[in-house]
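Structural description and commentary
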Amino acid sequence: MKIVKDTLEYGLCLPFGCTVVGDSVYFSTAKSCASLSLNLYRNDKVYGNFLFSEEDKIGDVWRLSLKGIDDLDKNIYSYTYTADGKEYSDIYATDLCGRDRWGDKKHPGKVLKALIDTENIAWKNSDYKNIKYSDSVIYRLHVRGFTISPKSGVAKDRRGTFYGVIDKLPYLKDMGITTIELMPPYEYNEIVDSKKVNYWGFTKDAFLMSPKKAFGGEKGFLDMVGAIHKEGMELIADMYFSGSESTEFVLNTLRTWRIKYFCDGIHIIGNAPVQSILKDPYLKGMKLFADDIPQGSQSMEEGLRKPIENPRRCAAVYNDSFMNDMRAFIKGDADMVGRVIEIFRDNPSKYARINYIANVNGFSLIDAFSYDRKHNEENGENNLDGTDFNYSWNCGIEGETRKKNITELRKKLYKNAMLATLLSAGTPLINSGDEMGHTKKGNNNSWCQDNYTEWINWADLDKNKELFEFTKNIIELRKKYPVFRLEKRAHGSDYKVLGFPDISFHGEDVWKVDHENYRRQFAVLYNNEYYQSKDELKEDYSYFYICFNMHWEKHEFSLPKLPEDKKWSCLISTDKDIEEKNKELSDHKERILVDERSIIILAGK
């Protein structure tokens, strides 16, 4: 049957891209040009050229219908467009061909053919997850780097793909992760030149609606989402926008990942119309991460997209403010106590905060306590790239060392950082590999490092088992006790008359915070009786007292006096001599000595 143009009703509303309906194929795209034509390919060879008609154009939206295309289910047809004599790819395409292999320097550049595909993906589960921010623990990973190492334990043909992520779900779930955040999963051109790759994928040279073929394409992505949802977990996708995109394009991109790919949330990176996104009805109930969330506007009331049957926050602020303040405090900077106390107080009710102490852009967590300066020489830019403000400390020696006193100190600071992140008010995020002490050798801008600088070395899991187990235990503590998972700011008062406020802050002496700029220590008391019933607390902890001492000297903290039938015991210490401390608190004590640069969690029952 010959392929011919079909009649197109003027009022027919079509999605952008390519849509197959019955025996017709509809094409729709937005382009400001004088003329537009469709280039149709069969088995990668030119089949025909079809001109869009002005009569079927609405504004800058061009529409075309073809009839008579056979064998649609065999992926043998593809297409591009030509506008005013220049060929280009369909930016609305959801299935592109030509980049099946990562880093293949022979693959096409910007002009990729889009497949006309009627294949029905078997997985149809639209059971979106919407885990409360207070219950979430986020793990951010790069699809390739997460499992590309032969030491990952993933089969060779699944390494560095969406299927590799599936194979590692038991590991993530065992750690306590609820939410996976993927660095760009869409089709981007990783080839920069003969020496560099764009490993991260934050680039304008991308097709934002098409899952990356080298990672497994549309089917691989959907299989991964189905596996993640089956485990009761949720998925957030990174989306980079340069600011040059139209609001319509941004919204259509997010709708595609929501409706077609069943994503539970999007992390907006770069510039995008956040207020318009918050108000979009298609995106209701979807999590949105952004550098800032508009406040005091109508979008804050209407745009947070709270499902009527299950009201909750859906927008979250995601920036480096927590990281910078907490790093400065942990390494012992002056005048940080007041700011860190506010971090433990701050918990907005209308939007959430994503808290991390290391992320993709910057030092890894262990590197934050191993390097004073960035070491980006391998990037080939004379170490001029990347930020100079890392709020880091090398503990006395720059880089890796075998000196036991330095390595032990770094482990202690790592534990301090992980504990502070996982138990502070807000939603904690762990950057991939940090739970096992991944080092990037001081590189804080490793966007072009397609090697073990970015790849997860799974041998680190055995090497740094202590760090992994500590992280896992703190996540378990957070999940077990609701006092660490509040959905709004605590009152800071004993409004139920239970004997202690829901949360209170202290210095070396109870009920008095020391605010002098040279102070590097404080304590916080949590009253778990506000959040668990008396029956639940019969065999459980009623109070938690966390003592933070980031000074390079030991400090003695007085302890809040518990009711007569209760006593304090040491639950967790970031210092190594926890066994001795447990013995010291076997009966009533009024004071406890906290070692230098250490955190102790006391529990009372």
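That block above? That's the structure.
Summary of the structure given here. From a predicted model like this one, the values you see are computed outputs, not experimental measurements. Sequence order as written defines residue numbering, which begins from 1 separately in each chain. Thresholds applied to this predicted model are a pLDDT of at least 70 for local features of residues and 80 or more for the giving and counting of side-chain atom pairs; totals over whole chains, interfaces and linings are not thresholded and use all residues. Think of the side-chain values as coming from all heavy atoms in the structure, minus any hydrogens and water.

**Examining the pattern of salt bridges**
We count a salt bridge whenever a side-chain nitrogen from Lys or Arg sits within 4 Å of a carboxyl oxygen from Asp or Glu. Applying the stated rule across the entire model yields 37 salt bridges. Across the pair Arg255 and Asp280 runs a salt bridge, and its minimum N-O distance is 2.5 Å. Of this pair, Arg255 sits in helix H5 (residues 247–259) while Asp280 sits in the loop between helix H6 (274–279) and strand S17 (287–290), and the two are 25 residues apart along the sequence. Since its relative accessible area comes to 5%, Asp280 is described here as buried. Overlapping salt bridges bring together Arg99, Glu187, Glu190 and Lys212 as one network. Secondary structure elements are defined from DSSP: runs of H or I of at least 4 residues count as helices, runs of E of at least 2 residues count as strands, and each element is numbered from the N terminus. Burial classes follow relative accessibility: with a 1.4 Å probe on protein chains only, a residue under 20% of its type's maximum area counts as buried, one over 50% as exposed, and anything between as partly exposed.

**What to know about the sheet that holds strand S23 (residues 543–549)**
Paired through backbone hydrogen bonds, the strands of a sheet run either parallel or antiparallel to each other. Here, any two strands with at least 2 DSSP bridges between them count as paired. Strand order across the open sheet formed by 5 strands is S21-S22-S23-S27-S25, with antiparallel pairing between neighbours. The outermost strands of the open sheet, each flanked by one partner alone, are strand S21 (503–506) and strand S25 (568–573). The sheet shows a mean angle of 20 degrees between the axes of neighbouring strands, taken without regard to direction. Across 5 bridges, the pairing between S25 and strand S27 (residues 598–604) is antiparallel. Among the inter-strand pairings, Ser573 is bridged to a residue of S27, identified as Ile600. Only the stretch in contact is used when fitting a helix axis, every axis being a line fitted to C-alpha atoms; angles between N-to-C directions are given from 0 to 180 degrees.

**Some details on the packing of aromatic side chains**
Two aromatic rings from Phe, Tyr or Trp, using only the six-membered ring of Trp, form a pair when their centres are within 6.5 Å; if the ring planes differ by under 30 degrees the pair is stacked, by over 60 it is edge-to-face, and anything between is tilted. Counting across every chain of the model gives 43 aromatic pairs. Where Phe52 meets Tyr81, the ring centres are 5.8 Å apart and the plane angle is 65 degrees; that geometry is what we call edge-to-face. Taken together, the residues span a long stretch of sequence, with Phe52 in the loop between strand S5 (45–51) and strand S6 (61–67) and Tyr81 in strand S7 (residues 77–83) at a distance of 29 residues. Residue Phe52 is classed as buried on the basis of its relative accessible area, which comes to 4%. When the centroid spacing of 5.8 Å and the interplanar angle of 80 degrees are considered together, the rings of Phe162 and Phe215 count as edge-to-face. Of this pair, Phe162 sits in helix H2 (residues 162–167) while Phe215 sits in the loop between strand S14 (206–211) and helix H4 (217–230), placing them 53 residues apart in sequence. A relative accessible area of 0% means that Phe162 is categorised as buried. With relative accessibility at 1%, the residue Phe215 sits in the buried group. Through a chain of ring-to-ring contacts, the aromatic side chains of Trp102, Phe162, Tyr186, Tyr188, Tyr199, Phe215, Phe221, Trp257 and Tyr261 assemble into a single cluster. Its end group placed over the ring of Tyr41, Lys113 keeps NZ or CZ at 4.6 Å from the ring centre. Two thresholds decide whether a charge sits over a ring: the Lys NZ or Arg CZ must be within 6 Å of the ring centre and within 35 degrees of the ring normal. Over the ring of Tyr133 we find Lys287; its NZ or CZ atom is 4.4 Å from the centre of that ring.

**With respect to helix H10 (residues 404–423)**
In this scheme, a helix's expected span is set at 1.5 Å multiplied by one less than its residue total. Over its 20 residues, H10 runs 28 Å from end to end, which matches the ideal 28 Å to within 8%, given 1.5 Å per residue. A large share of H10 lies buried, amounting to 15 of its 20 residues.

**Points about the nonpolar core**
Counting 125 residues, the largest nonpolar core has Leu172, Phe221, Met326, Phe329 and Phe544 as the members making the most contacts within it. Here this core gets 10 residues from one element, more than from any other, and that element is H10. Counting 26 residues, the second-largest nonpolar core is a separate cluster that includes Cys33, Ile76, Ala83 and Ala93. Definition used in this section: a nonpolar core is a set of buried Ala, Val, Leu, Ile, Met, Phe, Trp, Tyr and Cys residues joined via side-chain atoms within 4.5 Å.

**Focus: the environment of Ser276**
Looking at where Ser276 falls in the secondary structure, it is placed in helix H6. What makes Ser276 partly exposed here is its relative accessible area of 31%. Residues Ser276 and Phe221, 55 residues apart in the sequence, show an inter-C-alpha distance of 27 Å.

**Comments concerning the sheet that holds strand S20 (residues 427–431)**
The sheet built from 8 strands closes into a barrel, its strands ordered S11-S12-S15-S16-S17-S18-S19-S20 with parallel pairing. On average, adjacent strands in this sheet sit at an angle of 25 degrees to one another, irrespective of strand direction. Sheet topology places S17 next to strand S18 (residues 315–317); 3 bridges connect them, and they run parallel. Within S18, the residue paired with Leu288 across the bridge is Ala315. We call two residues in contact whenever any of their non-hydrogen atoms come within 4.5 Å of each other. Of the strands in this sheet, strand S19 (352–355) and S20 touch H10, which is tilted by about 140 degrees from S20.

**Quick word on the pairing of S19**
Direction of pairing for S18 relative to S19: parallel, over a ladder of 2 bridges. Residue pairing in the sheet places Val317 in a bridge with Arg353 of S19. Where S19 and S20 come together, 2 bridges link them in parallel fashion. Each residue of the ladder has a partner; that of Asn355, found in S20, is Pro428.

**Quick notes on the packing of helix H8 (residues 321–330) against helix H9 (residues 337–345)**
Between H8 and H9, the shortest axis-to-axis distance is 10 Å and the interhelical angle comes to 130 degrees. With respect to H9, the axis of H8 lies oblique. Read as a crossing pair, H8 and H9 show a hand that is left-handed. Together, Phe322, Asp325, Met326 and Phe329 of H8 and Val337, Arg339, Val340, Ile343 and Phe344 of H9 make up the contact between the two elements. The class makeup of the residues in the contact of H8 with H9 is 7 nonpolar, no polar and 2 charged. Here is the rule for angles: anything less than 35 degrees is roughly parallel, anything more than 145 is roughly antiparallel, 65 through 115 is roughly perpendicular, and the remaining ranges are oblique. Handedness of each helix crossing follows the sense of rotation of the near helix against the far helix: counterclockwise by less than a right angle gives left-handed, clockwise gives right-handed. In the scheme used here, Gly and all other residues not listed as nonpolar or charged are polar, with Ala, Val, Leu, Ile, Met, Phe, Trp, Tyr, Cys and Pro taken as nonpolar and Asp, Glu, Lys and Arg as charged.

So, to be careful, I would describe these as geometric facts and stop short of saying anything about function.
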